[in-house]
Amino acid sequence: MAGKVIANRPSTSFDFEIVDNEYDQLTTIGASANHINPWINAASIKLRHRLGRGPFGDVWLATHHQVTEDHEEYHEVAVKMLHHIKEDNIKVVLDKLNVLFSKTQGLQGACLLHGVSVISGKICIVMKFYEGSVGDQMARLKGGKLALPDVLRYGIDLAQGIMELHSKESLILNLKPFNILLNGDDKAILGDLGIPYVLLGVPLPSSDMTRRLGTPNYMAPEQWQPEVRGPLAFETDSWGFGCSIVEMLTGVQPWCGKSIDEIYNAVVRRQEKPHVPDGLPPAVENVIVGCFEYDFRSRPLMADILHAFESSKNAAYHDGSWTNIGSRTIVEKSNWNGYTEWFLSKDHLQVGDMVRSRKPLNSCKPENMVVPEGTIVGLDTDSNQNGFVLVRVHGIHDPVRVHGSTLERVTFGLAAGDWVRLKKENKKHSPIGILHSITRDGSVAVGIIGMETLWKGVYSELQMAETYCVGQFVRLKANVFSPRFQWLRKRGCEWATGRVSQVLPNGCLVVKFPNRLTFGDENSCFLADPAEVELVSFSTSPNMMKKYQHLEDFHWAVRPLLVSLGLFTAIKLGVCVGKKMGRSTARNSETPENQQRGGDIANAKWLPPNMANIIFREGVTTIPR
């Protein structure tokens, strides 16, 4: 099979035609001159042999030939040939690649991109060829694992490269040792600059490729269904970073030997985490454990990861303790109402910020609200205990000194974690979501069901929405006939009432129906769009019958327990009675005949009176007088 690209490139725009024997017709794609820069003629690329194969395409070693009037020159390049993409979407992907190229120009921690081409109907990304990767180096070592100093050094390089790309508002979503290349100075650089992110939203011919946005062993929970369990964010790459570091330290790929479905069940449904090896410097261990938080808002950002690795690069283990490590205090998750230190550090409080006491995790109402609302007037930097701030509260003469982790920043009446509704609704996604961030100038980012990435806009486009939290009872609204997600019904086709067991970062509610008995791997959790449900409580019940039905709903969790307890009691009673009857029969066969009647009467105490009288009335004639 051969492909040919015929290019006609005027000064302001160009049209190129893809001719392939597999196509029944000629495909023409038009673009402006600055859309693909530079565009590489496929005829100048000579593929030599394949270097590797990934979920999104193959990597080839090739030569790029350039001919001038004086001479012809060529040099080795690596060509990432993407899997087949439908013709209607080729221009969309090329435009996205053009944006990616413009963002990656001049990055120190990323591989050098030369351009793009189309060979045999497949989009090809041409990049600089590097001799090897971290994965290749591991494959040559006995046990496949690297020494801790090398892991820390590569981790620093990798974190810096990821931070560079994140500063360009791009995600990688495919971090793994074989995508971490090594240059001539043995420095780690990014070899995959976000191909899954480029293909985000593009219909792919394979349903399996559409299902996953990365390599399964390194994918975060939200990567599996970003429009449902997402959205994707910078912290999504923190999970992939953690998986890569764990593999470098152990030589074993996360979830090694498991199928795609098994990994999905472990990561998404059972919320399992890769095992972090013992014996690491405390800051490194803490940050890697944080990379595997199920809710990405509780994971560290790359700046936190870089700080932990840099503070530990000179660490030495001696006499049972680590020396030459950073002095940053590790905040235990349980100390701050369930929040991780990474979650709490993202507000970056400053003097002049409006603040209020932070609600406990998974709570709808604040408890012990020391600061209902106030203004930060000072940062207590002189104290040995870092993180304390001084807050001016209305009605209190002196500023209140509280720990910053107990406060949340309020900007234009909104704070991260608030439930909000979009004033302008779109049928493609839910109108209700959770606010992830608000800047001091009013820019906002919101997680919304139906969107694979964060919705971004300004605060004036939002309004407050009803809050949902774990433990509440909900059911679908009466006017919802075709819900976004499957929902159980009662007898009579009325929507069943469920209990919220988890709230995902985009506001998607995970609902359980305790009266629904499940067997094996059958799913016991259902999802719900917060815009389609309503709270159920006694206050919403108009009459006594409804109150009784809700009482059943609230207490149906005990039904399976009572059924199980009843069955267990019946079996236990049957066993005890059987044993007692057996002992009685044996004793009666060995006692004198003149003691039989007394024994029978004693054993008859557990029988119903009528039955006992009938049995022993018939047996009276057998006893001598």
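Residues numbered from 1 in each chain as written. Predicted model: local features only at pLDDT ≥ 70, side-chain atom pairs only at ≥ 80, totals over all residues. Heavy atoms only, no water.

Under the annotation held in an unreviewed UniProt entry, the chain carries the name Protein kinase domain-containing protein and is attributed to Centaurea solstitialis.

Asker: An account of the nonpolar core is needed here, citing residue identities and associated values.
Answerer: Counting 83 residues, the largest nonpolar core has Ile123, Phe241, Ile288 and Phe309 as its most contacted members. The element contributing the most residues to this core is helix H3 (residues 148–166), with 8 residues. Contacts of Phe241, omitting those with residues within four sequence positions, involve Gly155, Leu158, Ala159, Ile162, Leu175, Ile288, Met302, Ile305 and Phe309. Judged by nonpolar contacts, the second largest core, of 20 residues, contains Ile434, Ala465, Ala496 and Val503. (Core = buried A, V, L, I, M, F, W, Y, C linked by side-chain atoms within 4.5 Å. Buried < 20%, exposed > 50% of the residue type's maximum accessible area, 1.4 Å probe, protein only. Helix = DSSP H or I, 4+ residues; strand = E, 2+ residues; numbered from the N terminus. Contact = heavy atoms within 4.5 Å.)

Asker: Lay out the packing of helix H8 (residues 234–250) against helix H11 (residues 302–312) in plain terms, naming residues and giving numbers.
Answerer: Helix-helix packing is described using two parameters, namely the angle between the two axes and the distance between the axes. Contact pair H8 / H11: the axes reach a minimum separation of 10 Å and the direction vectors enclose 30°. Taken together, H8 and H11 sit at an angle that is classed as roughly parallel. Between H8 and H11, the contacting residues are Asp237, Ser238, Phe241 and Ile245 on the first element and Met302, Ile305 and Phe309 on the second. Its residues placed into classes, the contact of H8 with H11 shows 5 nonpolar, 1 polar and 1 charged. (Axes fitted to C-alpha atoms, helices over the stretch in contact; angles between N-to-C directions. Parallel < 35°, antiparallel > 145°, perpendicular 65-115°, else oblique. Nonpolar A, V, L, I, M, F, W, Y, C, P; charged D, E, K, R; others polar.)

Asker: With reference to specific residues and values, describe the pattern of salt bridges.
Answerer: Taken as a whole and judged by the stated rule, the model has 19 salt bridges. For Lys80, the salt bridge identified is with Asp192, shortest N-O distance 3.5 Å. Of this pair, Lys80 sits in strand E6 (residues 72–82) while Asp192 sits in the loop between strand E11 (188–190) and helix H4 (195–198); the two residues are 112 residues apart in sequence, bridging distant segments of the chain. The burial state of Lys80 is the same as that of Asp192; both residues are buried. Among the salt bridges present, the one from Arg440 reaches Asp353, with a minimum N-O distance of 2.8 Å. You can see Arg440 sitting in the loop between strand E20 (432–438) and strand E21 (443–448) and its partner Asp353 sitting in the loop between helix H12 (341–344) and strand E14 (354–357), a full 87 residues away along the chain. Taking relative accessible area as the criterion, Arg440 reaches 38% and is therefore assigned partly exposed. You can call Asp353 buried: its relative accessible area is 8%. Shared partners join several salt bridges into a network, and the residues in it are Arg50, Arg53 and Asp58. (Salt bridge = Lys/Arg side-chain N within 4 Å of Asp/Glu carboxyl O.)

Asker: Break down the environment of Ala159 for me, with residues and values.
Answerer: Of note, Ala159 is situated in helix H3. What makes Ala159 buried here is its relative accessible area of 0%. Along the chain, Ala159 and Phe241 lie 82 residues apart, while their C-alpha atoms are 8.1 Å from each other. Filtering out sequence-adjacent residues up to four positions away, Ala159 remains in contact with Phe241, Met302 and Leu306.

Asker: Quick one: what's the story with the sheet that holds strand E23 (residues 462–464), residue by residue and with numbers?
Answerer: In spatial order, the strands read E22-E21-E20-E19-E23; together these 5 strands make up an open sheet with antiparallel pairing. For this open sheet the edge positions go to strand E22 (455–458) and E23, each flanked by a neighbour on one side alone. Going across the sheet, the axis of each strand differs from the next one's by a mean of 45°, ignoring polarity. Inspection of the sheet shows E20 paired to E21 by 5 bridges, in the antiparallel sense. Pairing of Gly433 across the sheet is with Ile448, part of E21. (Pairing = 2+ DSSP bridges.)

Asker: How would you summarise helix H9 (residues 260–269) if you had to cite specific residues and measurements?
Answerer: Turning to H9, its buried residues number three or more, namely Ile263, Tyr264, Ala266, Val267 and Val268. Gln271 lies just past H9 and shows a positive phi near 55°.

Asker: So what's going on with the packing of aromatic side chains? Residues and values would help.
Answerer: Each aromatic ring pair is specified by the distance between its two centres and by the angle formed by the two planes. On inspection of all chains with the given rule, the structure shows 8 aromatic pairs. Seen in terms of ring centroids, Trp224 and Tyr264 are 5.7 Å apart; in terms of plane orientation they differ by 70°. Their pairing is edge-to-face. Linking Trp224 in helix H6 (residues 221–224) with Tyr264 in helix H9, this pair joins segments that are 40 residues apart in sequence. Comparing Trp224 with Tyr264 shows no difference in burial state: the two are buried. Each ring, one from Phe513 and one from Phe526, has its centre 5.4 Å from the other, and the planes form 85°; the classification is edge-to-face. You can see Phe513 sitting in the loop between strand E26 (509–512) and strand E27 (525–528) and its partner Phe526 sitting in strand E27, a full 13 residues away along the chain. (Phe/Tyr/Trp six-rings, centres within 6.5 Å; stacked < 30°, edge-to-face > 60°.)

Asker: Please set out the side chain of Thr340 residue by residue, giving values where relevant.
Answerer: Residue position: Thr340 is located in the loop between strand E13 (321–323) and H12. Reaching out from Thr340, the side chain makes a polar contact with the backbone oxygen of Ser298 at a distance of 2.9 Å. (Polar contact = N/O pair within 3.5 Å; in protein donor to acceptor, adjacent residues only side chain to side chain.)

Asker: An account of unusual backbone geometry is needed here, citing residue identities and associated values.
Answerer: The omega torsion of the bond from Gly230 to Pro231 falls at 5°, within 30 degrees of zero and hence cis. Its place among the elements puts Pro231 in the loop between helix H7 (226–229) and H8. Within the chain, Leu173 stands out as a residue other than glycine whose phi angle is a positive 70°. By the element assignment, Leu173 lies in the loop between H3 and strand E10 (180–182). Its relative accessible area of 3% is what places Leu173 among the buried residues. Even without glycine at this site, Trp255 takes up a positive phi of about 60°. You can see Trp255 is positioned in the loop between H8 and H9.

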